[in-house]
Each structure stands twice: as C-alpha cells, then as structure tokens.
Amino acid sequence: MDKFDVKTALRPLYTAPRGRFVEVDVPEMTFLKADGAGDPNRAAEYRVAVEWLYGLAYAKKFAARAELGRDHVVPPLEALWWSDDPGSFVRREKDRWRWTVMILVPDFMPRALFEAACARMDAKRPDRPASLRREPLAEGRSLQALHIGSYDDEGPLLHLLHDEVMPALGVGFNGPHHEIYLGDPRRAAPARLKTILRQPVRSL
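Presented here is an overview of the structure given in this document. Predicted, not measured: the structure shown is a model, and the values here were computed from it.

1. Side note on unusual backbone geometry
In the Ramachandran plot, Arg92 falls in the positive-phi region, its phi being about 60° despite a non-glycine side chain. Within the secondary structure, Arg92 sits in the loop between helix 3 (87–90) and strand 6 (98–104). Judged by its relative accessible area of 18%, Arg92 falls in the buried class.

2. Side note on the side chain of His178
Relative to the elements of secondary structure, His178 occurs in strand 10 (residues 177–181). Within the local environment of His178, its side chain forms a polar contact with the side chain of Glu139, the two groups lying 2.9 Å apart. Beyond its immediate stretch of four places on either side in the chain, His178 contacts Glu78, Ala79, Leu80, Met102, Glu139, Ile196, Leu197 and Arg198.

3. Focus on the environment of Ser142
Inspection of the secondary structure assignment puts Ser142 in strand 8 (residues 140–148). Residue classification places Ser142 among the buried residues on the basis of a relative accessible area of 0%. Residues Ser142 and Val165, 23 residues apart in the sequence, show an inter-C-alpha distance of 12 Å. Those residues in contact with Ser142 that lie beyond four places of it in its chain are Val22, Glu23, Val24, Val26, Arg198, Gln199, Pro200 and Val201.

The rules behind the values
Residues numbered from 1 in each chain as written. Predicted model: local features only at pLDDT ≥ 70, side-chain atom pairs only at ≥ 80, totals over all residues. Heavy atoms only, no water. Helix = DSSP H or I, 4+ residues; strand = E, 2+ residues; numbered from the N terminus. Buried < 20%, exposed > 50% of the residue type's maximum accessible area, 1.4 Å probe, protein only. Polar contact = N/O pair within 3.5 Å; in protein donor to acceptor, adjacent residues only side chain to side chain. Contact = heavy atoms within 4.5 Å.

Printed below as a string of structure tokens:
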C-alpha cells in the first residue's frame, strides 16, 4: 500500500531556505482546526486542542487504511497566530496572542471519517474543544522561510519580514502568521527544531 506524504506531494509548501523569505502560492486546503488564546506554553486549552487534533488525525489515518485502502503519513502540526499588534510576535508577548492549531486533511479523506473519529474520541474523553472543526483554508500569495532553533528565537526573522522584506515588496498582511512545525519538540533539542514561518500577503 502506497503511503501518501503531504511534505513530499506539496514539497514547495513544506520547504523553504533558512532565514530567507521566498514567495509561494498556497492553494485551498482542508484542515482539522481548534481555536484559543494566550501563551501556548501555559494555556491548558492549547494542550487539549493539540491532543484532540492528533487523536483525530491518527483515528482517521487508521480508518482510511481499513475502509479506503489508503495510507498516509500524519501531516505536521501547524498553527495560525494573530494579535491586535503584530509586533507582539517580534517581542514574544505570548499572552496577547490568539491562535488556531491545525492538521491538514488529505484530499481523499471524506467528512464521514472525521465525524466517526469525533464520536470515538467523545467516548474516551469529555473535553472536546467547542471550536473543533474540519474547514478549508485559502492563503494564496504568501512569503515563507525556514527557521531553525527555539520558537522563542523567531523574533529577528519576523522583524526582517515585517520591517524589510514586506515593505521592499510593497505588500501588507493578508491573514494570520502561519507556522508549520517540521520538528518535534518532544524529541529534538530546541536548537535543532525546524519551523516554516509563513505570512499571507497582498499588494498595497
């Protein structure tokens, strides 16, 4: 059985040069999503949301293999981040952040598998996030770069994006800051974590 891997199938969206922003055109894709606010290192709702997303992602993976004869690598965790002041990301003022955590849903995965996986999870734990959903996201024209290192060290690269790269291109913000976590903080040292930093943009 062939195993679909979104990082290979959509390689331009899951790779970028280190520390240098390149332009990509991001098509509409479907994600499992849950929302929240506050410092992700301290907010219990962030931990619960991530646990639910991974639980559903793996339940859907096994169901697709059994019912559809299709296997896939569970896609990486992603998140949208926004604040009334974009500078709060450069300054790492995490209490001012709002977020949507997400995991991509492969195109061959029908909604019925999502609903069945939710029902199985509900039977095991009573804390389903109220915002949990399956929903498309269309970002279009975006700039992205690879950051290697601790999440708290992203500030200088975001400062470069906001204060130099975007003004030079004559573009402004067109959606939340987007991060794709290629590294697993449970297994990799902070200095070795790999994260795609993406910003949807529009011409001014």
